[in-house]
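Results of the structural survey
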Amino acid sequence: MANGVFHTGYGIKIELTHADLGHPDRPELLKETTQPIDQRDRELLECLEHHKRGVCKAEDEDRSPWMAIRRRTVDGRTTLIAAHLPVRQRPTAEESDKRKAMKERLARAADRHGLTAEVEARSTDGRVRNDVLVTGHAERIGWEAQYSPITASTVRRRSQAAADLGILPLWGTNSDRAALINRAPWARVDDFSWKDIASPRTMLVRGGVRHLQSWKCSRTAERTCPANGTICGQFHAHWELPALCLPQRPHTEVDQLVVTSADGEHVPMRIPSQRDPRSVTRVWVPADDSANQEPEAPDGELTFTEEALDSVCRYGEENKVFNDRRTRRDTADAAGLHTFSEVPPRLFKIPQPREQSLDVTPQQRQEAAVLYGCDAWLIGPCAGCGAAIHRYGPGSAHASRTCRARVSRRGRT
């Protein structure tokens with residue numbers, strides 16, 4: 001990762017490993033250089049090697065010499081790094097046709113089920129635009145029909161802008177390598193032609209929807225132990241694709257997700273990786289399965305290592321956040337496997353016995369304690385009338401002597 005960039009506006013080198021960026025006379029420099037790309041000059045920050053030699057390695061890989069400053073957290077330490085921006089790409093005619101057909105299909109599905117749909121909806125300040133804004137009984141869903149390449153940073157920025165206005169983003173893609181996957185709520189569909197998208201044929205959600213699976217690891221279990229392949233006797237829970245559920249669940253259709261997401265029947269969920277809690281998978285799950293939501297992990301405090309400025313282009317050593325043509329992104333650790341020695345009530349929604357509220361005044365406690373010759377803490381409410389009784393005493397009498405309830409030795413009527 002590059003630890004410095006060249007600021008074309010000021011004509012200075014910025015050192016990202018120093019708290020003052022190498023320029024103590026410019027206290028606003030960090031704020032200026034970390035602005036969203038659409039709020040500053042795209043060519044404001046330049047690769048140091050490109051500035052020095054006029055060329056850098058990134059340009060051989062369809063990347064631009066222009067840079068953006070990002071936060072990166074590794075082993076709990078958050079630092080600043082510089083990453084190459086992608087070469088601007090315009091959607092092809094085919095991609096544009098697919099996007100147009102998908103927008104029309106989403107709007108038709110919403111209208112058919114009595115929901116409000118706005119195509120190319122823009123906020124009053126013009127900063128948020130949704131391909132289709134669907135308003136349901138529970139949520140406003142901002143659908144994005146994304147058929148062309150897009151960067152992860154753009155997805156995060158636009159999703160946050162929508163969320164700030166109370167709009168829940170939902171990015172639709174036909175690629176299992178799209179950078180938007182797991183960067184925001186998403187759904188993947190098959191790569192149909194625009195004519196098929198516009199037709200009444202069924203479109204299934206192939207990725208982005210999961211169902212909760214839970215079972216006890218025993219000899220009679222239909223699933224094998226995910227921990228060691230044998231029988232551990234513990235309880236397991238994870239999120240699974242519909243086809244792999246037991247019993248098998250039907251796939252969610254795109255037209256169906258338009259309605260269920262807006263009505264709150266499907267909700268977005270973040271599932272932390274069991275190997276790295278900072279890595280998450282984002283999926284849509286049935287609302288009844290969503291009791292185990294995890295909180296967003298906050299950014300860590302910045303660490304500055306005071307390393308020497310490195311002017312060599314480090315492209316290829318950095319994690320690509322643009323659409324990657326080699327690695328599938330929707331096969332991440334979405335299972336979110338958990339293993340328990342006993343059933344966790346919050347996950348399996350087993351109703352817990354509610355403790356009986358103690359509707360006994362201190363005076364009643366004292367009177368009952370004197371009557372039964374016991375300590376005041378042994379006094380509890382009568383199940384019949386609520387008056388004070390000796391919880392562990394025998395017989396039928398209690399302090400008020402007005403209730404006909406009979407009390408056993410364990411205090412039950």
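Before reading further, recall that the structure is shown in the block above.
Read on for an overview of the structure. The structure displayed is predicted, hence computed values, not measured ones.

Overview of helix α4 (residues 152–164)
Helix length check: α4, at 13 residues, gives a terminal C-alpha distance of 18 Å against a target of 18 Å (1.5 Å per residue), a fit within 8%. Within the sequence span of α4, burial applies to A152, T154, V155, S159 and A162. On an axial view of α4, the arc spanned by its buried residues comes to 155°, and they lie on one face.

Focus on the packing of helix α3 (residues 93–112) against helix α6 (residues 254–262)
Two elements in contact, α3 and α6, have axes separated by 9 Å at closest approach and are oriented at 55°. Relative to α6, the element α3 is oriented oblique. The two elements α3 and α6 cross, and the hand of that crossing is right-handed. Contacts from R105, L106, A109, A110 and R112 in α3 reach V254, D255, V258 and V259 in α6.

Some thoughts on the side chain of H7
Its location among the elements puts H7 in strand β1 (residues 4–7). For H7, a relative accessible area of 3% puts it in the buried group. From its side chain, H7 meets the backbone nitrogen of Y10 in a polar contact 3.0 Å long. Not counting residues within four places of it along the chain, the set of residues in contact with H7 comprises I12, I14, L29, T33, L44 and L45.

A few points about the side chain of T260
Along the chain, T260 falls in helix α6. For T260, a relative accessible area of 6% puts it in the buried group. Not counting residues within four places of it along the chain, the set of residues in contact with T260 comprises E265 and H266.

Notes on empty space enclosed by the protein
All chains considered together, the criterion is met by four cavities of 30 Å³ or more. Counted as a void, the largest cavity has a volume near 90 Å³. At the level of secondary structure, the elements contributing two or more residues to the lining of the largest cavity comprise α3, β8 (140–145), β9 (168–173), β10 (186–189) and α6. Sort the elements by how many residues they give to the lining of the largest cavity and β8 lands first, with three residues. Class assignment for the residues of the lining of the largest cavity results in ten nonpolar, three polar and one charged.

Conventions adopted
- Residues numbered from 1 in each chain as written.
- Predicted model: local features only at pLDDT ≥ 70, side-chain atom pairs only at ≥ 80, totals over all residues.
- Heavy atoms only, no water.
- Helix = DSSP H or I, 4+ residues; strand = E, 2+ residues; numbered from the N terminus.
- Expected span 1.5 Å × (residues − 1).
- Buried < 20%, exposed > 50% of the residue type's maximum accessible area, 1.4 Å probe, protein only.
- Arc of directions from axis to C-beta.
- Axes fitted to C-alpha atoms, helices over the stretch in contact; angles between N-to-C directions.
- Parallel < 35°, antiparallel > 145°, perpendicular 65-115°, else oblique.
- Left-handed = near helix turned anticlockwise from the far one by under 90°.
- Contact = heavy atoms within 4.5 Å.
- Polar contact = N/O pair within 3.5 Å; in protein donor to acceptor, adjacent residues only side chain to side chain.
- 1 Å grid on protein atoms, 1.4 Å probe; cavity = no way out; pocket = protein on both sides within 12 Å on 5 of 7 lines; lining within 4 Å.
- Points joined across faces, edges and corners; volume = space filled by probe spheres on them.
- Nonpolar A, V, L, I, M, F, W, Y, C, P; charged D, E, K, R; others polar.

Geometric descriptors of this kind do not, in isolation, establish any biological role.
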